[in-house]
Amino acid sequence: MSTRKRALLLLSFAALLLVTAGGIIPLAAQTTTILTVALPEWIAAALTDDVLDAFEAEHPGVQVETVTQSGDSFYGAAASDLEAHLDGAEALASSADVVYAGLNSISPEATRAGYFLDLRPLADGDSILNADDFYPAALDSYRWDGGLWALPTGISPEVLIYDAAAFDRAGLAYPTESWTWTDVMNAARALTTYDEAGEVSIPGLIVQDVGLLYRALFGGTLQDESSIPATPRFATPELEAFLTELVALVDEGVIATSINNDTYGSIPMSIERTFRLAGIQVMGAETSEANWQAALLPGGTAGVEVEGFAVSAGTTHPELAYELVRFLTSNPNVVSRFFNDRPARRSLVGVQPEQGDGPVMMAVRPTNPEVDALIDAAVENAIPASDLRYAPWLDVALNAMLEDGTDARTALQNAENAAVQAQQTAAQRREAAVIAVATLVPTPVLAADEIALNFQVNSFVSPLPNGDRWESFLNEFAANDPQVGVVNLLSGFTMQDSEPADCTYAPLNALGQMDAASMLALDPFLDADPTFDRSDILGSTTLSQLQRDGRTYGLPIVIQPQVVWYNQRMFEDAGLPLPQPGWTVDEFVSALRTFKSLNSDEDFNPFRGEAFGSSSLLMLMAAFGGLPVDYSTEPPTINLSDPTTVEAVRQVLDLAREGLIAYNALDQGGGMGFTMVIGGAEGNTTDPLVAESLSSLSVYLQNLLTGGADIYGLTTYPRGSSGFPASYTVGAGYISADSLHPDACYRLLSALSRRPDMLDGMPARRSLLDDPTVQANLTSPRDTLLNFYRAYADLLADPSTIVVNTSMFSAAVGTFIEQRWVNRAFDRYVLDDANLDAELAQAQGYIDAYRQCAANITTPPPAANATPADFQTYMEAYQSCATAVDPSLGG
């Protein structure tokens, strides 16, 4: 079967004709019907040949090709920017016959504009569909205005999440479905935290979907369904009274309606999905003692988030496209790729994907029986998303009241008028626009001596950043290479997320996730390459990280160091020198104390780490002369008893206790030990010092590159008396052991090493910092980046530099369990004033005993294509060792 992931090109009528000197000759008619499916990369990987072959076998003459959604087809709600919403919907509908239907993509505005096909006539005549198999709230979420606009794949309830420990402290009964608005308000007030000055420091409740809360409490609707299409209706006395009281509580500080990263994780009540019950920590979580529980919303109901597939109104094969949607939504290999709590179809609950049908997404979900029962009740009794399809417009009214002081009646009437006008604007688009589904770019015809190369880029961001630049770079390489005729660009989260690739770029060490036998040792290529010098590689451990048994499996392309951004204006206003790479710990601490003294806010923290988990803490501990956890070894080296290390840990955590560095509880009881960042730092100008990794995920770097903000300068972590701490990940290129074209792959990877700008990273070779090609492709401000790169390279060459591996992506099974004990020791010292020496000693004892137990585990690791149940069985053996050592982990 041909490569399924393709680029798209809109062809004009003229392109359908062949013009010659003798006249116009029509192109030969195609004998194969091609259906295209546009969807995000994390779902596209599930549509393997095995999956799609089954559909094609049922439909002779039909060929299905997948395309990755472009950035233009991910768009916000119509209420936030109507034109951008409609433009995005048009782009999505033009991209393929069948498209992914996400949270905002299939809206009443988009369907009113005529961008998506009404599936109701096809579904009503379909004897195979079995609509009763769907949870009603899932299927009904796509029903409005007499139409059915998509078929769902999965459903996730939004319920009342609450901290039972906070309720206990306040002497409150836990929430129940019989709660009234008065109960909600009283609980929010009782749970609100105040500072010494009597000001609200943490609200009692956060409500991000005002319409859902109103619908649950009062059963009120937001539209008049007496006509088709329905008319938005907000200006009612009931909604006016509710919004008036809500705004008063927001002004009082008792209820929040938007996320504040500093407090979000500590707010004791929220309406959201169940992810926090799985132990995922969010920003602003100040305590490890939270006991997160969940209840149905008032009235015994829940909100829902639904995903699925829709059909473009521009398809020329509506019946076939509908049948493909029905096929996709009933296939467990596809449905498992969605991050939902339940499949949309009851018959798929508990059905595992078949082995051999592509990678399985291991979504983090709560799994205990109580939460499962709650989710079951929630999805059976949920409010369909279609009932709240106009709810985003309530934010317009709410913002007018909060920001401009507009009264509720006027604000609601204005929002209603705007929503009605949006429907009219969408209807006008329907009259003017003609949707045409993009046509596949024909597969290039290769000469006899040319080859096609499959190249995969692994990325944590989807769709792939700089997709157009990647295509341009690969096309240029193919044009100049004597052997390669075309490079097919693949993408995914891991090296297993796509169809087989000849060569791959991975931002993390791929040896930690793949068997070295599946990759080709590159030493013969490196030895024969006159432009490559092993001594030119930056960092003493960079190359060794990519080696096994004396063989090199990865070509270093970029390094992505952990860095510190400093607010230039704040430093200048404080009369402090701008921190230069290699600045000292004393200068760092002095700056923290200066900023703290200049700010009267007790909750102000001059330093904030946005690196993964405890990474920023470990870096500072290394600067102070100790390293409690070293992930550069397998298994990681744990050193919690050495007096020098203990003292370094104490000095850093004391900075947190003083409020000089921001500290969020690391151990939230789920064993994950990581932080979910909500919102991001875009546009933030209030932090003096922020630490993060210099990569495509860096908001500050993107602001710098795009000119969005020039307030922050770039420097390193501070140098301690023992040396400079450096930590970085290595982005490298790999060649598959099965590739028939390893020479061409090496040439491609070598060319990529001269384009670090493609990867938002620092060149892995010192000589490339002076390479004109590298310098020419660096995005402005070029000098800022080059100066930092050179300074960092000099520090890496310093014999006193301490290379610190703080990555928790260890190949050793159970590392995340060990990290829990370390995190808990840190939390108890910072948050609970416990004895640090005793806590660290206990954690060391637990880890040593756990490793002794784990060494006797004989359960073999599951294969890469194993089911989630196989992985769970395997991990249960390690969990058993953990609970045997520390029974508290079993709770």
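Details of the structure are given in the entry above.
Cut-offs and rules
Residues numbered from 1 in each chain as written. Predicted model: local features only at pLDDT ≥ 70, side-chain atom pairs only at ≥ 80, totals over all residues. Heavy atoms only, no water. Disulfide = S-S within 2.5 Å. Helix = DSSP H or I, 4+ residues; strand = E, 2+ residues; numbered from the N terminus. Buried < 20%, exposed > 50% of the residue type's maximum accessible area, 1.4 Å probe, protein only. Pairing = 2+ DSSP bridges. Axes fitted to C-alpha atoms, helices over the stretch in contact; angles between N-to-C directions. Parallel < 35°, antiparallel > 145°, perpendicular 65-115°, else oblique. Contact = heavy atoms within 4.5 Å. Lys, Arg positive; Asp, Glu negative; His and termini not counted. Salt bridge = Lys/Arg side-chain N within 4 Å of Asp/Glu carboxyl O. Polar contact = N/O pair within 3.5 Å; in protein donor to acceptor, adjacent residues only side chain to side chain. Patch = residues over 30% accessible without salt bridge, like charges linked within 9 Å, V, L, I, M, F, W, Y side chains within 5 Å. Areas by Shrake-Rupley, 256 points an atom, 1.4 Å probe, with all protein chains shown as cover. Charge placed at Lys NZ, Arg CZ, Asp CG, Glu CD.

**Things to note about the state of the cysteines**
Part 1: Under the defined criterion, the tally for this structure stands at 2 disulfides.
Part 2: Sulfur-sulfur distance for the disulfide between C503 and C745 comes to 2.5 Å. On the sign convention where negative means left-handed, the S-S torsion of about -80° between C503 and C745 marks this disulfide as left-handed. Pair noted here: C503 is in strand β24 (residues 503-506) and C745 is in helix α23 (residues 742-752), with a separation of 242 residues, a long-range link.

**So, the pairing of β24**
Part 1: The alternating pattern of β24 places C503 and Y505 on one face and T504 and A506 on the opposite face, and all of these are buried.
Part 2: Sheet topology note: the β24/strand β35 (residues 728-735) ladder contains 4 bridges and is antiparallel. The residue of β35 that forms the bridge with C503 is I735.

**Points about the packing of helix α8 (residues 181-191) against helix α10 (residues 237-252)**
Part 1: At a minimum axis separation of 12 Å, α8 and α10 run at an interaxial angle of 5°. By the angle class used here, α8 and α10 are roughly parallel. Contacts from W181, M185 and R189 in α8 reach F242, E245, L246, L249 and E252 in α10.

**What about the side chain of E307?**
Part 1: Position of E307 relative to the elements: it lies in strand β19 (residues 303-311).
Part 2: Among buried charged residues, E307 stands out as having no salt bridge; its nearest opposite-charge side chain is R273, 5.6 Å away.
Part 3: Among the polar contacts made by the side chain of E307, one reaches the side chain of N340 at a distance of 3.3 Å.
Part 4: Contacts of E307, omitting those with residues within four sequence positions, involve Y100, A101, Y142, P152, T153, G154, F338, F339 and N340.

**So, the pairing of strand β9 (residues 151-163)**
Part 1: Counting buried residues in β9 gives 13 out of 13 residues, a clear majority hidden from the surface.
Part 2: As judged from the 7 bridges shared by β9 and β19, these two strands associate in the antiparallel manner. In the strand pairing of β19, L151 is matched with F309.
Part 3: Bridging between β9 and strand β20 (residues 342-343) involves 2 bridges; their strand directions are antiparallel. From the neighbouring strand, G154 faces β20, where its bridge partner is P343.
Part 4: Bridging between β9 and strand β16 (residues 269-272) involves 4 bridges; their strand directions are antiparallel. Within the sheet, the bridge partner assigned to L160 lies in β16 and is I271.
Part 5: Two strands pair when backbone bridges link them, and β9 and strand β18 (residues 292-295) are joined in this way by 4 bridges, in the antiparallel orientation. Across the sheet, I161 pairs through a bridge with A294, a residue of β18.

**Focus on unusual backbone geometry**
Part 1: Omega for the peptide link from I228 to P229 comes to 0°, which places this bond in the cis form.
Part 2: Even without a glycine there, the phi angle at N130 is positive, about 55°.
Part 3: On the secondary structure map, N130 appears in the loop between α5 (120-124) and α6 (136-140).
Part 4: By relative accessible area, which is 44% here, N130 ends up partly exposed.
Part 5: We note that D833 has phi near 60°; this positive angle belongs to a residue other than glycine.
Part 6: Structurally, D833 can be placed in the loop between α26 (815-832) and α27 (836-854).

**As for a negative patch on the surface**
Part 1: A contiguous patch of negative charge, built from D195, E196, E199, D262, D601, E602 and D603, is present on the exposed surface.
Part 2: Residue position: E199 is located in the loop between β10 (193-194) and β11 (200-202).

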